[in-house]
Every structure is written in C-alpha cells, then in structure tokens.
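Observations on the model geometry
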Amino acid sequence: MTDASATASTAQRAFRDLLHAQRVWDIELPAFDPAAAPQAPLPLFHAWFAEAVAAGQAEPHTMTLATADADGLPDVRTLMLHDADERGWHFATHATSAKGRQLASRPHAALGFYWPAQGRQVRVRGPVTACSAAESRADLHARSTGALASALVGRQSEVLGSTGELDRASDAAWQRAGTEPEAEVTSWTRYVVEPYEVEFFQGDARRRHVRLRYHREAGAAGATGAEEASGAPGTAGTWQRELLWP
C-alpha cells in the first residue's frame, strides 16, 4: 500500500469511527397519541411547530425542498418556510433559479421538516402553484434588508466567476436595498405546495416510532379538472388518516 493509500484508509476509518459514535435521541422525547390528532394536518403542523420553537429547536422554519429536473432526476435543497395555511405550505425563490425552472416544467414537490430536539419529522407532498405577482412582491418586501439584497443580486444557481465578483454584486445590492426598500425583483416568486399527503413522524428511543399519514384519494371531492385528468390526488375534500409501520 502506498503512503497516499494508507493515509486515505486511515482517514476513512477515522470518519467511520466518528460516524458510528454518533447517537440520536439521547433525550426524553414527547409522547404522541395519533388517536387524538385532529382531522386535518394543518392544525397538527401548527402545534408541532410551536412545540419545536418552545423546545429550543434551531431554525425550525427551515425545510428541505425536493423537485425533479427535466430528466426526472431528483434534486434537493434547504430553504425557509414562509407560511402554512389552508392553501398549503409556502416558500419563495427566483423563477429563474434551478428549482424555479424545475417547478415550471414539473410542478410537483416534496417538503421535509426535521426537528431533532423532539425527534419529529413532517413530510409534505403535492402539486406546486406559483402565487400572483402581487403576492410575490408582498412576500419579498415583508422580509429583511438582507433578504432583499440577496434577491437583488439574483443569478441564483448560475456559474460564478470569482468570489470577488460576488462581493461587488452583493455590496451594490445591499446599498440599493438600503436606499430602495421597495425595489422590484421581477423573478422573485412565491410558491405554495398544495398537499395531498402529509406525514407526521414521532421518534421513539426504542424505535417504536409513530407515523401518522394524512392523505386524499385520487379524484377526491374538490379536485381540479387538471388533477382529475392527470390522475393526481386532489387537494380538496376530506382527509383520510392511517398509521404506517416504522
């Protein structure tokens, strides 16, 4: 074995030892009685979110967003939740970004929340709708100066020539955001995931995890014509609940 191979092997063993030494849920986890859960997922999400905040969960409003590219291959990233209401789960990005382009061609997505402070996950799946230009503008201007500056920089997911180029663009954007707090960013778009499936996962130290899934059947009352034509589950009507094996 060469010196380089020996070094790589040692580094790999060190990584595996460190990985296998990690533990999960070495804390007291909350109980979750699915029989007492509400008939619809939104009130339970609101309650779990508030409990995650109260438990000191760092950045409980962050979530993973999974989309598919033009070839149908999965893509995923972490971003912030902007709202959760009767319409669905909201987020925003540039329509010209990679995820914006993917959603334009394949308007379906999955969301994932992980709150390890309580051993909880929430998963959301459904079609995605772009909100109106007025709602997207309101979303942008309700955020911080830094968020506006970042949006003004734009060019998300494009190849960057150098960090110096980013520094110059960012400095100019911060200056403009400070002097023009109502500056327009036409590519900024608010999206809403209209759920047909929402799963709540409560971890258990003995691995007897509780999984409660809410779902709507295909062709449910209130489904749009497009949904019925595509065979996609409807995003209106009565929620069904079921338990899943962990």
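1. Side note on the overall build of the chain
Looking only at helices and strands, one finds seven helices and ten strands in the chain. Expressed along its principal axes, the backbone C-alpha trace of the chain runs to roughly 65 × 55 × 40 Å. Burial analysis of the chain (246 residues in total) assigns 37% to the buried set. In the chain, 68% of the contacts between residues at least 6 apart in sequence involve partners at least 24 apart. Surface accessibility of the chain: about 14,000 Å² in total, with carbon and sulfur atoms responsible for 54%. Computed over 24 positive and 30 negative side-chain charges, the inter-centroid distance for the chain is 5 Å.

2. A short note on the nonpolar core
Inside soluble globular proteins, nonpolar side chains tend to come together where they are buried. Formed by 29 residues in total, the largest nonpolar core has its most connected members in Phe45, Trp89, Phe91, Phe113 and Val122. Elements with a contribution of two residues or more to this core: helix H2 (41–54), strand E1 (62–68), strand E4 (89–94), strand E5 (108–115), strand E6 (120–130), strand E7 (188–193), strand E8 (197–202) and strand E9 (210–215). Considering each element in turn, this core owes the most residues, five residues, to H2. Among all residues touching Phe45, those that are not within four sequence positions of it are Leu81, Ala84, Trp89, Phe113, Trp115, Val122 and Phe200. Among the nonpolar cores identified, the runner-up in size contains eleven residues, and Ala92, Ala151, Ala173 and Ala183 belong to it.

3. Let's talk about the pairing of E8
For E8, the tally of buried residues reaches six of six residues, placing the bulk of the element in the interior. The alternating pattern of E8 places Glu197, Glu199 and Phe201 on one face and Val198, Phe200 and Gln202 on the opposite face, and all of these are buried. For E6 and E8, the ladder comprises six bridges, and the chain directions are antiparallel. Residue Arg120 lies in a different strand from E8, and its bridge partner there is Gln202. Sheet topology note: the E8/E9 ladder contains six bridges and is antiparallel. If you follow Phe200 over to E9, its bridge partner there is Leu212.

4. Some words on the pairing of strand E2 (residues 74–80)
In this structure, E1 lies alongside E2, joined through seven bridges in antiparallel fashion. From the neighbouring strand, Thr64 faces E2, where its bridge partner is Thr78. Here E1 folds back onto E2 in antiparallel fashion, the turn holding five residues, of which Gly72 has a positive phi close to 80 degrees.

5. What to know about the confidence of the model for the chain
Considering every residue of the chain, the mean pLDDT works out to 90; 92% of them sit at 70 or more. Predicted confidence for residues 219–231 stays below pLDDT 50, and this span has 14 contacts to residues more than four positions away or in other chains.

Basis of the calculations
- For every chain, the first residue of its written sequence is number 1, and the numbers climb from 1 along that sequence.
- Since the coordinates come from a predicted model, pLDDT governs what is reported: local features require at least 70, and pairs of side-chain atoms require 80 or more to be given and counted, while whole-chain, interface and lining totals use all residues.
- Neither water nor hydrogens contribute to the side-chain values; these are computed over all heavy atoms in the structure.
- Numbering goes from the N terminus for both helices and strands, where a helix is a DSSP run of H or I of at least four residues and a strand is a run of E of at least two.
- Between buried and exposed lies partly exposed: a residue is buried under 20% and exposed over 50% of the maximum accessible area for its type, with that area taken using a 1.4 Å probe on protein chains only.
- Contacts are residue-level and defined by heavy atoms, with any inter-residue pair within 4.5 Å sufficient.
- Exposure was quantified through the Shrake-Rupley algorithm and a 1.4 Å probe, taking into account, for residues, occlusion by the shown protein chains and nothing else.
- As used throughout, the charge tally considers Lys and Arg to be positive and Asp and Glu to be negative, leaving His and the chain termini uncounted.
- All charge positions are set by atom: Lys at NZ, Arg at CZ, Asp at CG, Glu at CD.
- Among buried residues, the Ala, Val, Leu, Ile, Met, Phe, Trp, Tyr and Cys ones that are joined through side-chain atoms within 4.5 Å form a nonpolar core.
- Here, any two strands with at least 2 DSSP bridges between them count as paired.
- What pLDDT expresses is the predictor's confidence in each residue, scored from 0 to 100.

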